[in-house]
Amino acid sequence: MKKFILFSLTLLSVNLFAEINSESMAEIEQRVSSMGIKELQERRSFLLQEEQNIRGLQASTQNPSTNKSLSGRLASVTAELSVIQKALLALVGAGVLANITDDGYNDNVPPVITILGDNPATHELGTTYTDAGATAFDEFHGETPVSSSGDVDISTVGSNTITYTATDKDGNTATATRTVNVVDTTAPVITITGDNPATVELGGTYTDAGATATDASGAVTVVTSGDTVDPDTLGTYTITYTSTDASGNAGTASRTVNVVDSTAPVFTSSSTFVVDEGVTEVGTVTATDIQTVTFTLSGNDDLTITADGVLSFVTAADYEAQSDNPSSLPYDGSTYDITATVTATDASDNAETQVITVSIRDVGGLDDNTETGTGTNTSTGTGTGTGTGTGTDTGTDTGTDTGTDTSTGTGTGTGTDTSTSTSTSTGTST
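These figures come from a predicted structure and were not determined experimentally. (Residues numbered from 1 in each chain as written. Predicted model: local features only at pLDDT ≥ 70, side-chain atom pairs only at ≥ 80, totals over all residues. Heavy atoms only, no water.)

> How should I be thinking about helix H3 (residues 37-60) in this particular structure?
The α-helix winds at 3.6 residues per turn, so residues separated by three or four positions along the chain end up facing the same way. Taking 1.5 Å per residue as the helical rise, H3 with its 24 residues ought to reach 34 Å, and the 35 Å between its terminal C-alpha atoms agrees with that figure. Of all the residues in H3, the buried ones are Ile37, Leu40, Gln41, Arg44, Leu47, Leu48, Glu50, Glu51 and Ile54. (Helix = DSSP H or I, 4+ residues; strand = E, 2+ residues; numbered from the N terminus. Expected span 1.5 Å × (residues − 1). Buried < 20%, exposed > 50% of the residue type's maximum accessible area, 1.4 Å probe, protein only.)

Have a look at this one:
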């Protein structure tokens, strides 16, 4: 059949084109060249039917003029059929053209499917997949619907297949497939539990709150590494959390832990000191703290303190220093109180203050002499003192002096005594 059609095309080209002038032939060729395959098929069917009708008329008439007219039209139809068949041959090939019969065509060519987008396609695990689809075109029927089958499991790493199917109006079916590779290239997401950065007080305790991780592949674990937090040492520490999924993707996060000292020293010594006049050393101020404490003093120039807290007078303590008229001071056990402010500061500059009082006790009375007494007699009077003894009895008396004198000799004293003193003489005096 195929050889017969090709032979017929050749015969038509040789015998019939001679009856068509070049202008008419050029017109036919131009018209045919602008047709698509569907138009060519429809035009060919129409011309085959016309050709059959013409030949029927020729067989039924004996009129020379009618036969001549019918022969001219038959030549034009046959010439156009030849050009159409050549165009079809160029478009669909001899194999398809061989299936063309006088009654039309026998289409056994399936549609051509074009897959849109990447093939194979790569898709990230756990994310929504939207297929790009496919189109199909049939040489005899044009655009052809496409259906698809197959699913993409976005929750599992692996390869998935989507199949596209297109069937033309003659029942010719074409298929094509797309491979969708679900991959995991995303690292787990780590969430740190608790504060970050975290702060721990020097000398306290630290318990790490840990971290959690999520991943599209499912449950994952968290491994902790990095610094070991030492609550007894000031500084910054880094704790690292790592989680690795089944595809080898690793996620990391870190927590900063700051060990700080924000606690001020606490005074442990009394805020009151009592000293006798004449001394310089007062005592020692003490305070507790995790770190070394340094002491300073302010508010009184008479006192000084060392960094270690040793408190002392700049010059010896003096009870009478509180007044420009010492004779007006009480000598009844009262104290001269002075105050100052002591500041205790640790190595982190945390500071606490304490107001201290230093009480100075009198020693030896007005003249600070313990041998002469601690009181003052200011009474006055007139009297005569007589006595027997050796030497002169010297003392401070008001009125008549009567006592025991251990001196030896004879002496007489007469007059008015207004002195202020304390007599401790012994002997016999009249």
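> How do you make sense of the packing of aromatic side chains when you look at a structure like this?
Per the counting criterion, the structure on display carries 2 aromatic pairs. Between the aromatic rings of phenylalanine 267 and phenylalanine 295, the centroid separation amounts to 6.5 Å while the plane-to-plane angle is 50°, which identifies the pairing as tilted. Here phenylalanine 267 is found in strand S14 (residues 266-267), whereas its partner phenylalanine 295 is found in strand S18 (residues 293-298), with 28 residues between them in sequence. Note on phenylalanine 295: relative accessible area 6%, which makes it buried. (Phe/Tyr/Trp six-rings, centres within 6.5 Å; stacked < 30°, edge-to-face > 60°.)

> Explanation requested: the sheet that holds strand S4 (residues 142-144) in the structure shown.
Neighbouring strands of a sheet are bound in pairs by backbone hydrogen bonds; such pairs are parallel or else antiparallel. Read across the open sheet, the 3 strands follow the order S1-S3-S4; overall the sheet is antiparallel. Two strands lie at the open edges of the sheet, namely strand S1 (112-115) and S4, each paired on one side alone. Between one strand axis and the next, the sheet turns through 30° on average, direction left out of account. With 4 bridges connecting them, S1 and strand S3 (residues 134-138) associate as antiparallel partners. Paired with valine 112 across the two strands is phenylalanine 137, which belongs to S3. (Pairing = 2+ DSSP bridges. Axes fitted to C-alpha atoms, helices over the stretch in contact; angles between N-to-C directions.)

> Where do I start with helix H2 (residues 22-33) in this structure?
Compared with the 16 Å implied by 1.5 Å per residue over 12 residues, the 16 Å span of H2 between its first and last C-alpha is a close match. For H2, the complete set of buried residues consists of Met25, Ile28 and Val32. Angularly, the buried residues of H2 cover 60° about the axis, an arc narrow enough to put them on a single face. Of the residues in H2, the exposed ones pointing more than 90 degrees away from the buried face are Ser22, Glu23, Glu27, Gln30 and Ser33. The residue sitting at the N-terminus of H2 and contributing the capping side-chain oxygen is asparagine 21; that oxygen lies 3.3 Å from the backbone nitrogen of glutamate 23. (Arc of directions from axis to C-beta. Polar contact = N/O pair within 3.5 Å; in protein donor to acceptor, adjacent residues only side chain to side chain.)

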